[in-house]
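Breakdown of the fold
Given next are the chains, with one letter for each unit.
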Amino acid sequence: QDLEMPSEFNIHTEVSTFKKVLYPSLKQMFRGANLLFIDQFGIKEMTENVFSSLRGIKGTDIIFFISSSHAGRFKNTPAFKKYLNVAEKLENRRYNDIHRAMCDYYRGLVPSNVTYYVSPFSLKKGANIHGLIFGSSHYKGLYKFLQVAWAIDPERGEGNFDIDNDGLTQPNQSWDMFKTQSMKLDAFEIELREKIMSKEIRSDKEVFMFSLEAGFLPTVHAKKVVEKLIKEGEITISGKPRLGEACLKEPRRIKRD
(Lines give C-alpha, C1' and ligand atoms only; values in the text may rest on other atoms or scores of the structure.)
Protein backbone atom coordinates (compact mmCIF):
# COMPACT_ATOMS: atom_id res chain seq x y z
CA GLN A 1 0.00 0.00 0.00
CA ASP A 2 1.34 3.41 -0.98
CA LEU A 3 1.81 5.88 1.88
CA GLU A 4 0.71 9.44 1.35
CA MET A 5 3.55 11.94 1.67
CA PRO A 6 2.96 14.51 4.47
CA SER A 7 2.19 17.95 3.10
CA GLU A 8 5.21 19.41 4.96
CA PHE A 9 7.62 17.49 2.73
CA ASN A 10 8.67 17.92 -0.86
CA ILE A 11 10.92 15.39 -2.54
CA HIS A 12 12.92 16.45 -5.56
CA THR A 13 15.24 14.13 -7.45
CA GLU A 14 17.65 15.08 -10.16
CA VAL A 15 20.42 13.45 -12.15
CA SER A 16 23.27 15.92 -12.37
CA THR A 17 26.76 16.68 -11.09
CA PHE A 18 27.22 17.60 -7.43
CA LYS A 19 28.22 21.22 -8.00
CA LYS A 20 25.45 21.85 -10.53
CA VAL A 21 22.95 20.81 -7.88
CA LEU A 22 24.69 22.43 -4.91
CA TYR A 23 25.19 26.05 -5.89
CA PRO A 24 21.62 26.76 -7.09
CA SER A 25 20.40 25.24 -3.80
CA LEU A 26 22.46 27.46 -1.49
CA LYS A 27 19.96 30.34 -1.46
CA GLN A 28 17.19 27.99 -0.35
CA MET A 29 19.39 26.52 2.39
CA PHE A 30 19.71 29.94 4.04
CA ARG A 31 15.94 29.89 4.70
CA GLY A 32 15.94 27.04 7.21
CA ALA A 33 17.84 24.29 9.02
CA ASN A 34 19.70 21.74 6.91
CA LEU A 35 21.41 18.39 7.36
CA LEU A 36 23.55 17.48 4.34
CA PHE A 37 24.83 13.96 3.66
CA ILE A 38 27.48 14.04 0.95
CA ASP A 39 28.55 10.60 -0.23
CA GLN A 40 31.25 11.58 -2.67
CA PHE A 41 33.30 9.11 -4.67
CA GLY A 42 36.90 9.91 -3.73
CA ILE A 43 37.87 13.43 -2.62
CA LYS A 44 37.15 15.94 -5.36
CA GLU A 45 33.72 17.30 -4.39
CA MET A 46 34.47 18.72 -0.92
CA THR A 47 36.95 21.39 -1.97
CA GLU A 48 37.97 24.36 0.17
CA ASN A 49 35.40 26.57 -1.60
CA VAL A 50 32.55 24.09 -1.15
CA PHE A 51 33.40 23.50 2.50
CA SER A 52 33.58 27.25 3.17
CA SER A 53 30.25 27.83 1.40
CA LEU A 54 28.46 25.20 3.46
CA ARG A 55 30.16 26.26 6.68
CA GLY A 56 28.75 29.74 6.22
CA ILE A 57 25.11 28.64 6.16
CA LYS A 58 23.55 29.11 9.59
CA GLY A 59 21.72 26.09 11.00
CA THR A 60 23.43 23.66 8.64
CA ASP A 61 25.20 20.46 9.67
CA ILE A 62 27.21 18.49 7.15
CA ILE A 63 28.55 14.97 7.13
CA PHE A 64 30.61 13.76 4.22
CA PHE A 65 32.57 10.69 3.18
CA ILE A 66 36.15 11.05 2.03
CA SER A 67 38.66 8.51 0.70
CA SER A 68 41.45 9.42 3.09
CA SER A 69 43.76 6.61 1.93
CA HIS A 70 43.71 8.10 -1.56
CA ALA A 71 44.79 11.41 -0.06
CA GLY A 72 47.77 9.79 1.61
CA ARG A 73 48.75 7.97 -1.57
CA PHE A 74 48.32 10.76 -4.12
CA LYS A 75 48.73 13.95 -2.06
CA ASN A 76 51.68 15.25 -4.10
CA THR A 77 50.26 14.66 -7.56
CA PRO A 78 49.06 17.65 -9.62
CA ALA A 79 45.69 15.97 -10.23
CA PHE A 80 45.11 15.68 -6.48
CA LYS A 81 46.37 19.16 -5.61
CA LYS A 82 43.81 20.54 -8.03
CA TYR A 83 41.17 19.74 -5.41
CA LEU A 84 42.89 19.55 -2.02
CA ASN A 85 46.24 20.91 -0.90
CA VAL A 86 46.80 18.56 2.04
CA ALA A 87 50.37 17.34 1.51
CA GLU A 88 51.76 19.31 4.46
CA LYS A 89 49.04 18.06 6.83
CA LEU A 90 49.69 14.44 5.85
CA GLU A 91 53.48 14.60 6.04
CA ASN A 92 54.98 12.18 8.59
CA ARG A 93 51.55 11.02 9.85
CA ARG A 94 50.99 7.37 10.77
CA TYR A 95 48.83 5.46 8.32
CA ASN A 96 46.17 4.98 11.00
CA ASP A 97 46.14 8.76 11.52
CA ILE A 98 45.48 9.57 7.88
CA HIS A 99 41.80 10.36 8.39
CA ARG A 100 42.53 12.41 11.52
CA ALA A 101 44.95 14.43 9.41
CA MET A 102 42.28 15.00 6.77
CA CYS A 103 39.97 16.28 9.49
CA ASP A 104 42.75 18.60 10.70
CA TYR A 105 42.95 19.98 7.16
CA TYR A 106 39.28 20.95 7.12
CA ARG A 107 39.47 22.22 10.68
CA GLY A 108 42.31 24.48 9.57
CA LEU A 109 40.04 26.07 6.96
CA VAL A 110 37.88 27.59 9.71
CA PRO A 111 38.91 31.18 10.55
CA SER A 112 40.17 31.65 14.11
CA ASN A 113 37.35 34.10 14.91
CA VAL A 114 34.61 31.67 13.80
CA THR A 115 32.98 29.01 15.98
CA TYR A 116 32.69 25.84 13.94
CA TYR A 117 33.14 22.26 15.06
CA VAL A 118 34.74 19.55 12.90
CA SER A 119 34.99 15.93 14.00
CA PRO A 120 36.16 12.71 12.28
CA PHE A 121 35.14 9.06 12.32
CA SER A 122 37.61 6.67 10.67
CA LEU A 123 36.47 3.65 8.65
CA LYS A 124 38.78 0.80 7.77
CA LYS A 125 37.87 -1.56 4.97
CA GLY A 126 40.49 -4.09 4.02
CA ALA A 127 43.82 -2.25 3.84
CA ASN A 128 42.24 1.14 3.19
CA ILE A 129 41.26 3.79 5.71
CA HIS A 130 38.52 6.22 4.72
CA GLY A 131 36.04 8.01 6.90
CA LEU A 132 33.37 10.54 7.69
CA ILE A 133 33.86 14.18 8.60
CA PHE A 134 31.14 16.04 10.47
CA GLY A 135 30.79 19.81 10.60
CA SER A 136 28.46 22.04 12.62
CA SER A 137 28.35 25.62 13.86
CA HIS A 138 26.41 24.56 16.99
CA TYR A 139 27.65 22.51 19.90
CA LYS A 140 24.45 20.42 19.85
CA GLY A 141 25.32 19.09 16.42
CA LEU A 142 28.76 18.05 17.64
CA TYR A 143 27.26 16.55 20.81
CA LYS A 144 24.84 14.37 18.82
CA PHE A 145 27.58 13.22 16.46
CA LEU A 146 29.88 12.26 19.35
CA GLN A 147 27.09 10.36 21.11
CA VAL A 148 26.64 8.20 18.01
CA ALA A 149 30.40 7.82 17.51
CA TRP A 150 30.97 6.66 21.09
CA ALA A 151 28.04 4.24 20.86
CA ILE A 152 29.77 2.62 17.87
CA ASP A 153 33.29 2.81 19.32
CA PRO A 154 33.08 2.72 23.14
CA GLU A 155 36.88 2.76 23.51
CA ARG A 156 37.77 5.89 21.49
CA GLY A 157 34.63 7.23 19.81
CA GLU A 158 36.57 7.55 16.58
CA GLY A 159 36.58 4.51 14.34
CA ASN A 160 35.58 0.96 13.51
CA PHE A 161 39.07 -0.39 14.28
CA ASP A 162 41.88 -0.13 16.84
CA ILE A 163 43.11 3.21 15.50
CA ASP A 164 45.86 3.67 18.12
CA ASN A 165 47.00 0.03 18.25
CA ASP A 166 46.59 -0.06 22.02
CA GLY A 167 45.08 -3.53 21.99
CA LEU A 168 41.67 -2.89 23.50
CA THR A 169 39.66 -3.79 20.42
CA GLN A 170 41.93 -6.47 19.00
CA PRO A 171 44.90 -7.71 21.09
CA ASN A 172 48.21 -7.32 19.30
CA GLN A 173 51.93 -7.43 20.08
CA SER A 174 51.77 -4.42 22.38
CA TRP A 175 48.66 -5.59 24.21
CA ASP A 176 48.70 -4.87 27.95
CA MET A 177 46.44 -7.26 29.87
CA PHE A 178 46.13 -4.73 32.71
CA LYS A 179 45.06 -1.82 30.46
CA THR A 180 41.42 -0.86 30.96
CA GLN A 181 41.00 2.16 28.68
CA SER A 182 42.46 3.67 25.54
CA MET A 183 45.57 5.84 25.36
CA LYS A 184 43.37 8.55 23.89
CA LEU A 185 41.18 8.58 27.01
CA ASP A 186 44.25 8.48 29.27
CA ALA A 187 45.65 11.57 27.53
CA PHE A 188 42.32 13.41 27.77
CA GLU A 189 41.99 12.77 31.51
CA ILE A 190 45.53 14.01 32.15
CA GLU A 191 45.04 17.16 30.06
CA LEU A 192 41.66 17.99 31.61
CA ARG A 193 43.04 17.53 35.12
CA GLU A 194 46.02 19.79 34.34
CA LYS A 195 43.80 22.52 32.90
CA ILE A 196 41.53 22.47 35.94
CA MET A 197 44.43 22.45 38.39
CA SER A 198 46.17 25.34 36.58
CA LYS A 199 42.87 27.30 36.58
CA GLU A 200 42.82 27.45 32.82
CA ILE A 201 39.40 25.81 33.12
CA ARG A 202 37.32 27.58 35.79
CA SER A 203 33.73 26.34 35.46
CA ASP A 204 31.64 23.30 34.65
CA LYS A 205 30.63 25.05 31.41
CA GLU A 206 34.28 25.26 30.36
CA VAL A 207 34.73 21.56 31.21
CA PHE A 208 31.70 20.76 29.04
CA MET A 209 32.94 22.69 26.00
CA PHE A 210 36.55 21.51 26.33
CA SER A 211 35.36 17.89 26.41
CA LEU A 212 33.23 18.21 23.28
CA GLU A 213 35.94 19.99 21.31
CA ALA A 214 38.41 17.26 22.32
CA GLY A 215 35.98 14.60 21.06
CA PHE A 216 34.69 13.31 24.41
CA LEU A 217 31.34 13.15 26.19
CA PRO A 218 31.20 15.50 29.21
CA THR A 219 28.73 13.41 31.23
CA VAL A 220 30.78 10.25 30.71
CA HIS A 221 34.47 11.05 30.35
CA ALA A 222 34.88 14.46 31.99
CA LYS A 223 32.61 13.60 34.91
CA LYS A 224 35.04 10.94 36.07
CA VAL A 225 37.91 13.46 36.26
CA VAL A 226 35.88 16.17 38.01
CA GLU A 227 34.43 13.79 40.60
CA LYS A 228 37.89 12.41 41.38
CA LEU A 229 39.30 15.92 41.94
CA ILE A 230 36.41 16.72 44.29
CA LYS A 231 36.92 13.47 46.19
CA GLU A 232 40.64 14.21 46.53
CA GLY A 233 39.83 17.65 47.95
CA GLU A 234 41.62 19.44 45.10
CA ILE A 235 38.56 21.42 43.96
CA THR A 236 35.08 22.37 45.13
CA ILE A 237 31.98 23.34 43.18
CA SER A 238 28.92 24.99 44.68
CA GLY A 239 26.32 22.26 44.49
CA LYS A 240 26.91 19.16 42.40
CA PRO A 241 28.87 19.63 39.14
CA ARG A 242 26.52 19.60 36.17
CA LEU A 243 28.19 18.40 33.03
CA GLY A 244 25.06 18.19 30.92
CA GLU A 245 23.66 21.09 28.91
CA ALA A 246 22.25 22.74 32.08
CA CYS A 247 25.74 24.01 32.89
CA LEU A 248 25.70 26.22 29.78
CA LYS A 249 22.85 28.37 31.11
CA GLU A 250 24.07 28.63 34.71
CA PRO A 251 27.79 27.81 34.92
CA ARG A 252 29.10 26.83 38.32
CA ARG A 253 32.55 28.00 39.27
CA ILE A 254 35.28 25.51 40.04
CA LYS A 255 37.15 26.65 43.13
CA ARG A 256 40.70 25.68 43.97
CA ASP A 257 42.64 26.93 46.97
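Residues numbered from 1 in each chain as written. Predicted model: local features only at pLDDT ≥ 70, side-chain atom pairs only at ≥ 80, totals over all residues. Heavy atoms only, no water.

1. Observations regarding the confidence of the model for the protein
Looking at the protein, the pLDDT average stands at 90 and 94% of residues meet or exceed 70. Scored below 50 in pLDDT, residues 170-175 shows 6 contacts in the model against residues more than four places distant or in partner chains. (pLDDT = per-residue confidence, 0-100. Contact = heavy atoms within 4.5 Å.)

2. A look at unusual backbone geometry
Although it is not a glycine, Asn 92 sits at a positive phi angle of roughly 60°. With respect to the helices, strands and loops of the structure, Asn 92 is situated in the loop between helix H5 (87-90) and helix H6 (98-107). (Helix = DSSP H or I, 4+ residues; strand = E, 2+ residues; numbered from the N terminus.)

3. Brief notes about the environment of Phe 216
Tracing the chain through its elements places Phe 216 in the loop between helix H9 (204-214) and helix H10 (218-231). Its relative accessible area of 3% is what places Phe 216 among the buried residues. In this structure the C-alpha to C-alpha distance between Phe 216 and Leu 90, which are 126 residues apart in sequence, comes to 24 Å. If near-sequence neighbours (up to four positions away) are discounted, Phe 216 is found in contact with Leu 146, Trp 150, Lys 184, Leu 185, Phe 188, Ser 211 and His 221. (Buried < 20%, exposed > 50% of the residue type's maximum accessible area, 1.4 Å probe, protein only.)

4. Things to note about the nonpolar core
In this structure, Leu 192, Ile 196, Val 207 and Phe 208 are the most contacted members of the largest nonpolar core, which totals 34 residues. Listing elements by their share of this core, those giving two or more residues are strand S3 (117-125), helix H7 (139-152), helix H8 (183-197), H9, H10 and helix H11 (246-249). Beyond its immediate chain neighbours, meaning those up to four positions away, Phe 208 contacts Tyr 139, Tyr 143, Pro 218, Leu 243, Gly 244, Glu 245, Cys 247 and Leu 248. Counting 33 residues, the second largest nonpolar core, distinct from the first, contains Met 29, Leu 90, Val 118 and Ile 133. (Core = buried A, V, L, I, M, F, W, Y, C linked by side-chain atoms within 4.5 Å.)

5. Details of the pairing of strand S4 (residues 128-136)
Burial analysis of S4 places 7 of its 9 residues in the buried class, the great majority of the element. Counting the residues between successive antiparallel strands, the hairpin from S3 to S4 contains 2 residues, one of them, Gly 126, with a positive phi of roughly 65°. (Pairing = 2+ DSSP bridges.)

6. Here's the deal with the pattern of salt bridges
Once the charged atoms of two side chains with opposite charge are near each other, the side chains can pair. Throughout the structure, instances matching the rule amount to 18 salt bridges. The partner of Asp 166 in a salt bridge is Arg 156, and the shortest N-O contact between them spans 2.5 Å. Note that Asp 166 is positioned in the loop between H7 and H8 and Arg 156 in the loop between H7 and H8, a separation of 10 residues in sequence. Ionic pairing is found between Glu 189 and Lys 224, a salt bridge with its closest N-O pair at 3.3 Å. Of this pair, Glu 189 sits in helix H8 while Lys 224 sits in helix H10; the two residues are 35 residues apart in sequence, bridging distant segments of the chain. Accessibility expressed as a relative area gives 16% for Glu 189, which makes it buried. Connected through shared salt-bridge partners, Arg 94, Asp 97, Arg 100, Glu 158, Asp 164 and Lys 184 make up one network. (Salt bridge = Lys/Arg side-chain N within 4 Å of Asp/Glu carboxyl O.)

7. Examining a positive patch on the surface
A contiguous patch of positive charge, built from Lys 199, Arg 202, Arg 253, Lys 255 and Arg 256, is present on the exposed surface. Of note, Arg 253 is situated in the loop between H11 and strand S6 (254-255). (Patch = residues over 30% accessible without salt bridge, like charges linked within 9 Å, V, L, I, M, F, W, Y side chains within 5 Å. Areas by Shrake-Rupley, 256 points an atom, 1.4 Å probe, with all protein chains shown as cover. Lys, Arg positive; Asp, Glu negative; His and termini not counted. Charge placed at Lys NZ, Arg CZ, Asp CG, Glu CD.)

8. Looking at the environment of Leu 217
The topology assignment puts Leu 217 in the loop between H9 and H10. A residue is classified by how much of its surface remains accessible, and Leu 217, at 11% relative accessible area, is buried. Residues Leu 217 and Phe 145, spaced 72 residues apart in sequence, show a C-alpha to C-alpha distance of 10 Å. Residues contacting Leu 217, with those up to four places away along its chain left out, are Tyr 143, Leu 146, Gln 147, Trp 150 and Ala 222.

9. With respect to H10
Given a rise of 1.5 Å per residue, 14 residues ought to cover 20 Å, and the 18 Å separating the end C-alpha atoms of H10 matches this to within 8%. Of all the bends in H10, the largest measures some 30° and sits at Lys 224. Buried residues of H10: Pro 218, His 221, Ala 222, Val 225, Val 226 and Leu 229, and no others. Against the buried residues of H10 lie H7, H8, H9 and strand S5 (236-237). Residue Gly 233 follows H10 closely and has a positive phi angle near 80°. (Expected span 1.5 Å × (residues − 1). Bend = angle between axes of the 7 residues up to and from the residue.)

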